[in-house]
Amino acid sequence: MSYREILQTLSLSDVVDVAAVTLIVYYLLLLIRGTRAVQVLVGLLVLFGVAAAARYLGLRTLQNVLNGFFVLLPFGVIVLFQNEIRRALTAFGKNPLVRVSHQERIEASLQEIVLAATTLASRRIGGLIVLERLQGLREYVENGIRLDAVVSYDLLLTIFDPTTPLHDGAVIVEDDRIAAAACFLPLSSNPSLSTRSGTRHRAALGISEETDALAVVVSEETGRISVAVDGELHERLDARGLRGMLYRHLVTPGEETRRARREGDSPAETAA
C-alpha cells in the first residue's frame, strides 16, 4: 500500500486520535525530563524487554516472577512518580495548552533578578542564581530546599542574606518561579578559570558546562556580576549588560530589541 493510499484510508477521527496520543506522550516526557524518574523509566523498559525475551525463550519461572511484578507495577508507578503526577495535575489545572501572559511573567521575573543581582553586588553579598532553559534541572532541585515561589527581589535578597540558612548554594529558577534554594552544583575543572575565582564562579561555570542553563553569579569579594552560559563566563557586567544577557538567552528572539526601544536604549547598548 502506497503512502497516498494510507492517507486516503485515514479518517478525521484517526488523525485526532494519533495527535492526542502524541501530545500526551510528549507532555509526559517533558514532565519527567531532567529528573531521576527518567532512570526509573529506563529500568522499567529493560524489565519489559526481559519479559519479552523470557516469553520468546520459554523461561516459565522467570515469566511467573515478572508477571507477579507487573501486577503490582501500577501501584509502584504511583509511588515512584507521585511528585511528577502531582505537578502534572497542578499544571493542567492552572495552565491550559495556551499559556496566556507567560512571556510577560518571564520578563517580570528577569527584571526582579537583575534588580536583586545589582543590589547584592552593591552590598558585596555573594549570590548564585541558575535559570533553566531547555534542559531540565530537577536533578539539582532535588538536592536543595524546595520553595516553588514566585521570583521576587525581596525573596532573593532574603535567601542570600548571610544570616539565613539558605544563603549557601544556588537558587534555581524554572520559568517565573524559584524552584529551590541551597542547591549544590557541579564544579568546573576548566584550567583556564582564574585561580582568584571562588566556588560560586566554578559552580556557575560547571552547571553551564553540564547543562544549557544560564547562571548569574555575584562575587562577595569584588561585588562584580558575571554570567556563565554555554561553558563561558562573561564577567564585569552592569545592570544593562546583565539584562541584555538574560533577554538574549531566555526571552523570545526580537523581544530584547523591542524592549530596548520602549526604554529608549539601543539594542547594542542593552546587550553590552
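What counts and what doesn't
- Residues numbered from 1 in each chain as written.
- Predicted model: local features only at pLDDT ≥ 70, side-chain atom pairs only at ≥ 80, totals over all residues.
- Heavy atoms only, no water.
- Salt bridge = Lys/Arg side-chain N within 4 Å of Asp/Glu carboxyl O.
- Helix = DSSP H or I, 4+ residues; strand = E, 2+ residues; numbered from the N terminus.
- Buried < 20%, exposed > 50% of the residue type's maximum accessible area, 1.4 Å probe, protein only.
- Expected span 1.5 Å × (residues − 1).
- Core = buried A, V, L, I, M, F, W, Y, C linked by side-chain atoms within 4.5 Å.
- Phe/Tyr/Trp six-rings, centres within 6.5 Å; stacked < 30°, edge-to-face > 60°.
- Pairing = 2+ DSSP bridges.
- Axes fitted to C-alpha atoms, helices over the stretch in contact; angles between N-to-C directions.
- Polar contact = N/O pair within 3.5 Å; in protein donor to acceptor, adjacent residues only side chain to side chain.
- Contact = heavy atoms within 4.5 Å.
- Patch = residues over 30% accessible without salt bridge, like charges linked within 9 Å, V, L, I, M, F, W, Y side chains within 5 Å.
- Areas by Shrake-Rupley, 256 points an atom, 1.4 Å probe, with all protein chains shown as cover.

1. Details of the pattern of salt bridges
And step 1. The final tally for this structure, using the stated rule, is four salt bridges.
And step 2. The shortest N-O distance in the salt bridge between Arg177 and Asp148 comes to 2.8 Å. Within this pair, whereas Arg177 is found in strand E4 (residues 177-183), its partner Asp148 is found in strand E2 (residues 145-150), the two being separated by 29 residues in sequence.
And step 3. Of the residues examined, Asp148 reaches a relative accessible area of 53% and is grouped as exposed.

2. Quick look at helix H10 (residues 239-250)
And step 1. Compared with the 16 Å implied by 1.5 Å per residue over twelve residues, the 16 Å span of H10 between its first and last C-alpha is a close match.
And step 2. Taken residue by residue, H10 has Gly241, Leu242, Arg243, Gly244, Met245, Leu246 and Tyr247 as its buried positions.

3. Some remarks on the nonpolar core
And step 1. The biggest cluster of nonpolar side chains holds 33 residues, and the ones touching the most others in it are Ile113, Leu131, Leu156, Val216 and Leu246.
And step 2. Broken down by secondary-structure element, the contributors of at least two residues to this core are helix H6 (102-122), strand E1 (127-131), helix H8 (153-160), strand E3 (170-174), E4, strand E5 (214-218), strand E6 (225-229) and H10.
And step 3. Counting residues per element, this core draws most heavily on H6, which supplies eight residues.
And step 4. Core analysis: the next-biggest nonpolar cluster, separate from the first, contains 21 residues, Val130, Cys183, Ala203 and Ile207 among them.

4. Describing the packing of aromatic side chains
And step 1. Taken as a whole and assessed by the stated rule, the structure comprises two aromatic pairs.
And step 2. Aromatic pair Phe48 and Phe70: ring centres 4.9 Å apart, planes at 10 degrees, arrangement stacked. With Phe48 in helix H3 (residues 37-57) and Phe70 in helix H4 (residues 60-80), this pair connects stretches of sequence that are 22 residues apart.

5. So, the sheet that holds E1
And step 1. Here seven strands make up an open sheet; going across it, the order is E2-E4-E3-E1-E5-E6-E7 and the pairing mixed. Two strands bound the open sheet, and with one partner strand each, they are E2 and strand E7 (232-237). Averaged over all adjacent pairs, the angle separating strand axes in this sheet is 20 degrees, with direction ignored.
And step 2. Bridge count between E6 and E7: four bridges; the pairing is antiparallel. Looking at E7, one finds that Val227 is bridged to His234.

6. Observations concerning unusual backbone geometry
And step 1. At Ala182, a position not held by glycine, the phi torsion is positive, near 60 degrees.
And step 2. Note that Ala182 resides in strand E4.
And step 3. With a relative accessible area of 15%, Ala182 lands in the buried category.
And step 4. Phi angles above zero are rare outside glycine, and Asp230 is one such case at about 55 degrees.

7. Regarding the side chain of Ser188
And step 1. With respect to the element layout, Ser188 can be found in the loop between E4 and helix H9 (199-210).
And step 2. For Ser188, a relative accessible area of 6% corresponds to the buried category.
And step 3. Looking at Ser188, its side chain comes within polar contact range of the side chain of Glu209, at 3.0 Å.
And step 4. Apart from the residues within four sequence positions on either side, Ser188 is in contact with Arg202, Leu205, Gly206 and Glu209.

8. Describing a nonpolar patch on the surface
And step 1. Taken together, the side chains of Val38, Val42, Val46, Val50, Tyr56, Leu57, Leu59 and Leu62 make up a nonpolar region of the molecular surface, amounting to roughly 740 Å² of accessible area.
And step 2. In terms of residue count, H3 provides more of the nonpolar patch than any other element does, six residues in total.
And step 3. Within the secondary structure, Leu57 is located in helix H3.
And step 4. A relative accessible area of 58% places Leu57 in the exposed class.

9. What to know about the pairing of E4
And step 1. Across the seven residues of E4, six count as buried, placing the element largely inside the fold.
And step 2. Of the pairings in the sheet, the one linking E2 to E4 comprises four bridges and is antiparallel in character. Across the sheet, residue Arg146 finds its bridge partner in E4, namely Ala180.
And step 3. In terms of strand pairing, E3 meets E4 through four bridges, oriented antiparallel. Its bridge partner lying in E4, Ala170 is registered against Cys183.
And step 4. Connecting E3 to the next strand, E4, in antiparallel fashion are two residues, including Asp175 with a positive phi near 60 degrees.

Remember, this is a structural readout, not a statement about activity or role.
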